Amino acid sequence: MRFSVWVNSILLTWLPLLVYAAPKTIPVFITNVKLEPFAEQIEALGTLRANEAVVLSSAVTETITAIHFNDGQRVKAGDILVEMTSAEEHALLEEARFTLDEAERQFKRVQALVKSNLVSKSLLDQRRVVYETAQAKLQATQSRLADRLIIAPFSGVVGLRNISVGSLVEPGDPITTLDDDRVMKLDIAVPALFLDILRPGLLVQARSRSLLEKNYNGKIVSVDSRINPVTRSIIVRALLPNDTRQLKPGMLMTVRLSGPMQQQLMLPEEALVQEGFNRYAFVVKTSEQPSVVEKRKLVTGARTSGAIVVESGLAPGEWVVTHGIMRLNDGSAISIIKRE
């Protein structure tokens, strides 16, 4: 009787201490980190420009006599858009043609006589000079006449006209604009931080709130040779097809660029522990019993939806804790509830 009382006294005294001293495990979920295909996404703003754009103006001071286009009309290369006063130039053109015809006849007549040794070669040289001078005069007159016409240099859409019939225009006065909008240039300001991945051929996806967030896909065709010293950004140019003609020059676009596809070590965001400017993950040491975790510092890179790139600190195939992190410390014992 006394022995049993003594045993019970011992158990009551030491059992709580034994229970307290027994190691407790923390239930956690873990996942395996591995290499996955990843393309870095860059978001930026861009401005649309027409593939070709020009402000049409006069090269001479003359009066408008005819207008052959309407606002917003599509024209083809070579179409005459505006005519200016040219009666004097037409008269000079006719005179130059008559002079050229006469000079050509005289040259050919003397040329035939030279072959028969009836006239000297010096006379032939004089007639050749007169003939070539008449040719040059005709070309000069044709050039002055062409200056009285405004011709579309390429196919596209004209803007608003700024003149009327009877208006006197001077060199440099804007008559209208002409844009080739079959393909649009998209100039994108990208932080110089991403310079190493910017190259022709990269895919871009652009959209605008004014177009109901419709996506337009294109490719980078060139990268500027200079970095802006104020904004520390560089301009890259992409081409966007514009079959529907909805894209307009000057439109602001939100752009997403996709870098080259690479194999990167991806860590789920729920496994990341942020402490100030440092980032950690709890790595499972499966070789030890019971399993314990190591708090390991990481160097991370770009983010994607639900994951982050790990540049250093982890190796492919290692297990990290995703759930139950808040109760863990370096060296904590764990019990694995689920492997993901």
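Everything below is about the structure shown above.
These numbers were taken from a predicted model, which means no experiment stands behind them.

A.B. asks: What is the right way to read the sheet that holds strand 6 (residues 80-84) from this model?
C.D. replies: Sheet strands associate in pairs through backbone hydrogen bonding, adopting either a parallel or an antiparallel arrangement. Judged by pairing direction, the sheet is antiparallel, and its 4 strands sit side by side in the order 7-6-4-9 without closing on themselves. Both outer strands of the open sheet, strand 7 (149-151) and strand 9 (168-169), are each paired with one neighbouring strand and no more. Inspection of the sheet shows strand 4 (residues 62-67) paired to strand 9 by 2 bridges, in the antiparallel sense. Counterpart to E62 in the pairing with strand 9 is V169.

A.B. asks: Just to check I follow, could you spell out the nonpolar core for this structure?
C.D. replies: Burial of nonpolar side chains together is a common tendency in soluble globular proteins. Core analysis: the largest hydrophobic core is formed by 25 residues, its most contacted members being L186, I188, L247, M253 and L257. When residues of this core are traced back to their parent elements, those giving at least two are strand 3 (41-57), strand 10 (174-191), strand 11 (203-207), strand 12 (216-227), strand 13 (233-241) and strand 14 (252-258). Not counting residues up to four positions away in its chain, the partners in contact with M253 are A44, L45, G46, L48, L186, A206, R207, S208, Y216 and L247. Within the second largest apolar cluster, 17 residues are counted, among which are M84, I150, V169 and I175.

A.B. asks: What exactly am I supposed to notice about the environment of E43 here?
C.D. replies: For E43, the position within the fold is in strand 3. In the structure, E43 is positioned 148 residues away from P191 in sequence and 9.8 Å away in space, judged by C-alpha atoms. With sequence-adjacent residues up to four places away left out, E43 is seen in contact with V255 and R256. There is a polar contact of 2.8 Å between the side chain of E43 and the side chain of R256.

A.B. asks: I tried to follow unusual backbone geometry on my own but got confused; where do I start?
C.D. replies: Peptide bonds are trans in most cases, and residues, glycine excluded, mostly fall at negative phi. You will see that R232, though not glycine, has its phi angle at about 55°, which is positive. Within the secondary structure, R232 sits in the loop between strand 12 and strand 13. Positioned with a positive phi, R245 is a non-glycine residue whose angle comes to about 60°. Relative to the helices and strands, R245 is located in the loop between strand 13 and strand 14.

A.B. asks: So what exactly am I meant to see when it comes to the pairing of strand 4 here?
C.D. replies: Every regular strand shows the same layout, with side chains that alternate between the two sheet faces. Note that strand 4 and strand 6 share 3 bridges and pair antiparallel. From the neighbouring strand, I64 faces strand 6, where its bridge partner is M84.

Rules of the game
- Residues numbered from 1 in each chain as written.
- Predicted model: local features only at pLDDT ≥ 70, side-chain atom pairs only at ≥ 80, totals over all residues.
- Heavy atoms only, no water.
- Pairing = 2+ DSSP bridges.
- Helix = DSSP H or I, 4+ residues; strand = E, 2+ residues; numbered from the N terminus.
- Core = buried A, V, L, I, M, F, W, Y, C linked by side-chain atoms within 4.5 Å.
- Buried < 20%, exposed > 50% of the residue type's maximum accessible area, 1.4 Å probe, protein only.
- Contact = heavy atoms within 4.5 Å.
- Polar contact = N/O pair within 3.5 Å; in protein donor to acceptor, adjacent residues only side chain to side chain.

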